[in-house]
Amino acid sequence: MTTKKNNGSELERNVRAILKDLQSRGLCYLWKLPTDLRLTRNGIHHGEPMPADFMGWRRDGRTILLECKDVDRANLPLGKSPGLTPFQLQAAHMAQEGHADYLLLWRRQDRFVILRICGDIVGEGLVSVPWKKLPFTVPMASLPQALEGAIMSQYETPPLPSGSPVPPRPRRLRHRSRARGAGPTRPAREGHDHPGAVRRS
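This structure is a prediction, so every number in the text was calculated from the model and none was measured. (Residues numbered from 1 in each chain as written. Predicted model: local features only at pLDDT ≥ 70, side-chain atom pairs only at ≥ 80, totals over all residues. Heavy atoms only, no water.)

Chemist: In this structure, what is going on with the pattern of salt bridges? I would like to understand it.
Modeler: Opposite charge on two side chains lets them pair, provided their charged atoms get close. Taken as a whole and judged by the stated rule, the model has ten salt bridges. The partner of Glu 148 in a salt bridge is Arg 25, with the nearest N and O atoms 2.9 Å apart. One end of the pair, Glu 148, is in helix H3 (residues 143–151); the other, Arg 25, is in the loop between helix H1 (3–24) and strand S1 (28–32), and 123 residues separate them in sequence. With a closest N to O distance of 3.2 Å, Glu 67 and Lys 69 form a salt bridge. Like Glu 67, the residue Lys 69 is buried in the burial classification. Overlapping salt bridges, with partners in common, bring together Glu 10, Asp 70 and Arg 107 in one network. (Salt bridge = Lys/Arg side-chain N within 4 Å of Asp/Glu carboxyl O. Helix = DSSP H or I, 4+ residues; strand = E, 2+ residues; numbered from the N terminus. Buried < 20%, exposed > 50% of the residue type's maximum accessible area, 1.4 Å probe, protein only.)

Here it is in structure tokens:
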């Protein structure tokens, strides 16, 4: 197992502990979404991709999705690994339109930031999130308070600089391990060729 994988697992373990505490206090109920693995005659392969690492709801009924990225890079890619995949970007758009929160927790070394995808990332053509342009980052020791605040909408998540866009959402996603689209789909609205447009929150 690589150091990067170990770091990612460590971050998820920390998040699990924080979410367990929030659940014990009746604030929210989020669970880890398991990886879909399928056994075939050629071995084990990934099945359906997941929209985020954690998903659930808070006590007022609002749905929360949380994606964790432990990436030591100056820029976090959007639309490709090791950043948010096209499937996750589409899920974030659909979450926003469904009045759910899609949170991105990005850790880089001993600091982190929490962003609301589609709320903080707006516009057209952005291919990555630049760490140095974030208004502020937070030391890892503050993760429990910051994550609770972000989930309960009491933590002010930093907006990206104005004009920072997001890649256009594909009409239908195709997962590389499947011949047909694996992403969430929905019917196009009458009078619209594109299934949805990027909206500011």
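Chemist: Explanation requested: the nonpolar core in the structure shown.
Modeler: A general tendency of soluble globular proteins is for nonpolar side chains to be buried together. Counting 24 residues, the largest nonpolar core has Val 15, Leu 66, Leu 105 and Ile 151 as the members making the most contacts within it. For this core, the elements supplying multiple residues, two or more each, are H1, S1, strand S5 (63–70), strand S7 (101–108), strand S8 (111–116) and H3. Apart from residues no more than four positions distant in its own chain, Ile 151 is found in contact with Leu 19, Leu 22, Cys 28, Leu 30, Arg 58, Ile 64 and Leu 103. Counting residues in each nonpolar core, the second largest holds 22 residues, with Ala 52, Val 113, Leu 115 and Val 129 among its members. (Core = buried A, V, L, I, M, F, W, Y, C linked by side-chain atoms within 4.5 Å. Contact = heavy atoms within 4.5 Å.)

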